[in-house]
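So the chains spell out like this:
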Amino acid sequence: MSGLALDGLVKRYGSFTALQRTDLTIPHGQFVCLLGPSGCGKTTLLRMVAGLDSPTEGRIRLDGTDITHKPAHQRNFGMVFQSLALFPHLTVGENIAYPLRIRGVSKADQGREVERLLALVRLPGVADRAVSQLSGGQRQRIAIARALALSPKLFLLDEPLSALDAKLREAMQIELKLLQERLGITTIVVTHDQREAMTMADLVVVMSQGRVRQAASPIEVYRRPADSFVADFIGMTNLLRGHVSGGALAVEGGALALPGLPPSGEATISVRPEELRVHRDAAGPNRLPGTVSFVRDLGSHVELRIDVAGREMIAVATPQDRPDVEPGQLVGVELPPASCVVLES
Ligand code: ATP
């Protein structure tokens with residue numbers, strides 16, 4: 001088996017379970033983002049892959065070889081962790097050469113490798129600069145270059161861009177993604193920022209409370225969220241809960257005929273704001289009557305808040321498709337069946 005496999009991985013601290021049983025396969029060359037709110041276990045998972053912590057249960061395999069108990073320094077993984085900051089008293093070149101030096105790489109080869117890595121992160125010619133002379137973004141690129149010395153098999157990063165301002169951060173997300181594509185190196189990044197994950201990842205692993213909720217492509221977690229946590233955490237959504245009877249979901253305000261409903265009992269659906277159709281006529285198939293409470297024109301799109309049987313629904317439209325409605329107006333909110341996702345919980 002080629003790639004990284006986590007088999008039944010569990011991490012407990014005393015009676016507290018930081019990571020519940022996790023099975024995950026990451027094929028070679030994938031860019032993976034571990035995404036979730038603070039304390040959900042992202043760092044715990046990454047540290048076990050890095051070899052900085054050992055799992056309470058389970059196995060970690062790389063290309064079929066069991067590495068569960070292999071010490072971190074023997075794994076040859078590149079790491080950008082907050083705890084592995086640059087050495088402030090060394091130059092840029094000395095920082096990048098550090099892992100090469102401790103592996104006994106010759107001085108001449110160190111110099112060549114430093115130049116190659118600096119070119120890779122698009123900072124050529126700064127080897128002799130002091131780290132303190134660099135901006136935050138440049139420092140982060142140097143940390144990335146240092147982690148990529150010795151051509152690691154896996155590249156692991158814990159919130160690598162969190163200290164950067166919004167604009168630089170967005171630019172670095174694209175840069176990091178392009179760099180990873182060029183190198184084809186399997187990469188795992190911890191982030192709590194869903195836009196960041198959607199920008200960079202081939203595979204988004206959404207976590208909450210020590211559990212993997214869904215592992216899928218960015219578009220899949222957006223379009224087909226597994227449960228209400230994922231639906232709510234990724235972008236904006238409308239969640240509706242109701243009772244199933246006769247193939248329809250009875251919610252406050254009406255009944256919705258939808259595919260994929262369970263035969264009976266309670267069910268929750270998610271429908272994205274841009275999928276809703278707002279009509280001036282309240283009656284119609286799969287329409288819920290409501291009253292427009294607020295219209296927000298954001299230039300690139302229009303957002304409508306609609307009170308449906310006491311619950312707020314959000315609809316988003318492009319300026320071209322803007323519904324001709326005003327606050328206070330009675331409208332029909334259409335939920336197209338194909339856009340409604342029946343959630344697991
Ligand atoms: P953040 O985004 O805030 O870094 P995270 O998702 O990376 O969060 P983890 O650092 O993996 O979260 O922590 C998961 C849970 O495990 C937290 O509740 C944390 O308090 C707990 N935890 C982590 N390390 C230890 C430890 N050494 N001893 C006890 N509890 C720990």
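Quick caveat, the model's predicted, so the values are computed rather than measured. (Residues numbered from 1 in each chain as written. Predicted model: local features only at pLDDT ≥ 70, side-chain atom pairs only at ≥ 80, totals over all residues.)

As for the sheet that holds strand 18 (residues 311-317)
Test applied: The criterion for strand pairing is that DSSP finds at least two bridges linking the strands in question. The numbering of helices and of strands both runs from the N terminus, where a helix is a DSSP run of H or I of at least 4 residues and a strand a run of E of at least 2. Helix axes are fitted only over the stretch in contact, all axes being lines through C-alpha atoms; the angle between N-to-C directions runs from 0 to 180 degrees.
Strand order in the open sheet formed by five strands is 15-19-16-17-18, and the pairing between neighbours is antiparallel. In this open sheet, the two edge strands, each paired with only one partner strand, are strand 15 (277-279) and strand 18. When strand polarity is set aside, the average angle formed by the axes of neighbouring strands in this sheet is 45°. Two elements, strand 16 (residues 287-297) and strand 19 (residues 330-334), share five bridges in a ladder whose sense is antiparallel. In the strand pairing of strand 19, Leu288 is matched with Val333.

Concerning the confidence of the model for the chain
Convention followed: pLDDT measures the predictor's confidence residue by residue and takes values from 0 up to 100.
Within the chain, residue pLDDT values average 94, and 100% of them lie at 70 or more. Predicted complex, confidence summary: ipTM 0.90, pTM 0.91.

A look at the UniProt feature "domain: ABC transporter" (unreviewed entry) in the chain
The condition that has to hold: UniProt positions are given in the numbering used here, feature names are shortened, and annotations may be inferred rather than shown by experiment.
According to UniProt, the "domain: ABC transporter" (unreviewed entry) feature falls on residues 4-234. Taken end to end, residues 4-234 has its terminal C-alpha atoms 25 Å apart, with 36% of it in helix and 26% in strand.

Digging into the site of the ligand
Where we set the bar: To decide nearness, the C-beta atom of each residue is placed from the backbone, and the residue is near a molecule or strand if that atom lies within 6 Å of it. Amino acids are sorted into nonpolar (Ala, Val, Leu, Ile, Met, Phe, Trp, Tyr, Cys and Pro), charged (Asp, Glu, Lys and Arg) and polar (every other residue, Gly among them).
Around the ligand sit Tyr13, Phe16, Ala18, Gly36, Ser38, Gly39, Cys40, Gly41, Lys42, Thr43, Thr44 and His192, and that is every residue in its neighbourhood. Of the residues forming the shell around the ligand, the biggest block, three residues, is contributed by helix 1 (residues 42-50). Counted by class, the shell around the ligand contains four nonpolar, seven polar and one charged residues.

Observations concerning the nonpolar core
Heads up, the rule is: Note on terminology: a nonpolar core is a set of buried residues of type Ala, Val, Leu, Ile, Met, Phe, Trp, Tyr or Cys, with members joined through C-beta atoms within 7 Å. Exposed residues have 12 or fewer other C-beta atoms within 10 Å of their own C-beta, buried residues have 20 or more, and partly exposed residues fall in between, where C-beta atoms are placed from the backbone. Contact definition: two residues whose C-beta atoms, as placed from backbone geometry, lie within 7 Å.
If you look at the biggest cluster of nonpolar residues, it comprises 65 residues, and the most contacted ones within it are Val32, Cys33, Leu34, Leu156, Val204 and Val205. No other element matches the six residues that helix 4 (residues 136-148) contributes to this core. Dropping the residues within four chain positions of it, Val32 is found in contact with Ile26, Thr187, Ile188, Ala201, Leu203 and Val205. In this structure, Leu249, Val308, Cys340 and Val341 belong to the second largest nonpolar core, which totals 21 residues.

Observations regarding helix 2 (residues 92-102)
Three- or four-residue spacings in an α-helix give side chains the same orientation, since the helix completes a turn every 3.6 residues. Regarding helix 2, the residues found buried are Val92, Asn95, Ile96, Ala97, Pro99 and Leu100. On its buried side, helix 2 packs onto helix 3 (107-120) and helix 4. Immediately beyond the C-terminal end of helix 2, within one or two residues, lies Gly104, with a positive phi of roughly 80°.

A look at the sheet that holds strand 20 (residues 341-342)
Hydrogen bonding along the main chain pairs the strands of a sheet, whether they run parallel or antiparallel. If you trace the five strands from one edge of the open sheet to the other, you get 13-12-11-14-20, paired in antiparallel fashion. Each having just a single partner strand, strand 13 (254-257) and strand 20 make up the two edges of the open sheet.

As for helix 3
Our working definition: Helix span, as expected, comes to 1.5 Å for every residue beyond the first. The arc in question is traced by the directions running from the helix axis to the C-beta atoms.
Between its first and last C-alpha, helix 3 extends 20 Å over 14 residues, near the 20 Å set by a 1.5 Å rise per residue. Buried within helix 3 we find Gln110, Glu113, Val114, Leu117 and Leu118. Buried residues of helix 3 fall within an arc of 135° about the axis and therefore sit on the same side. Residues of helix 3 that are exposed and point more than 90 degrees away from the buried face comprise Ala108, Asp109, Arg112 and Ala119. One or two residues past the end of helix 3 sits Arg122, with phi positive at roughly 60°.

Regarding the environment of Thr187
Tracing the sequence through the fold places Thr187 in strand 8 (residues 186-191). Along the sequence, Thr187 and Arg280 sit 93 residues apart, while their C-alpha atoms lie 49 Å from each other. For Thr187, the residues in contact, after removing those within four places along its chain, are Phe31, Val32, Phe155 and Gln180.

What to know about the pairing of strand 14 (residues 265-271)
Pairing between strand 11 (residues 238-245) and strand 14: seven bridges, direction antiparallel. Looking at strand 14, one finds that Leu239 is bridged to Ser270. As defined by bridge partners, strand 14 adjoins strand 20 across two bridges and the pair is classed as antiparallel. For Ser270, the partnering residue across the bridge sits in strand 20 and is Val341.

Considering the packing of helix 2 against helix 4
The cut-off we apply is this: Note on angle classes: values under 35 degrees are labelled roughly parallel, values over 145 roughly antiparallel, values of 65 to 115 roughly perpendicular, and the remainder oblique. Each helix crossing is assigned a hand: it is left-handed if the near helix lies turned anticlockwise from the far helix by less than a right angle, otherwise right-handed if that turn is clockwise.
Look at helix 2 against helix 4: their axes get within 7 Å of each other, and the N-to-C directions meet at 30°. Here helix 2 lies roughly parallel to helix 4, going by the angle between them. Remark: the crossing between helix 2 and helix 4 carries right-handed chirality. The segment helix 2 lies against helix 4, with Val92, Asn95, Ile96, Tyr98 and Pro99 engaging Ile142, Ala145 and Arg146. Among the residues forming the contact of helix 2 with helix 4, the class breakdown is six nonpolar, one polar and one charged.

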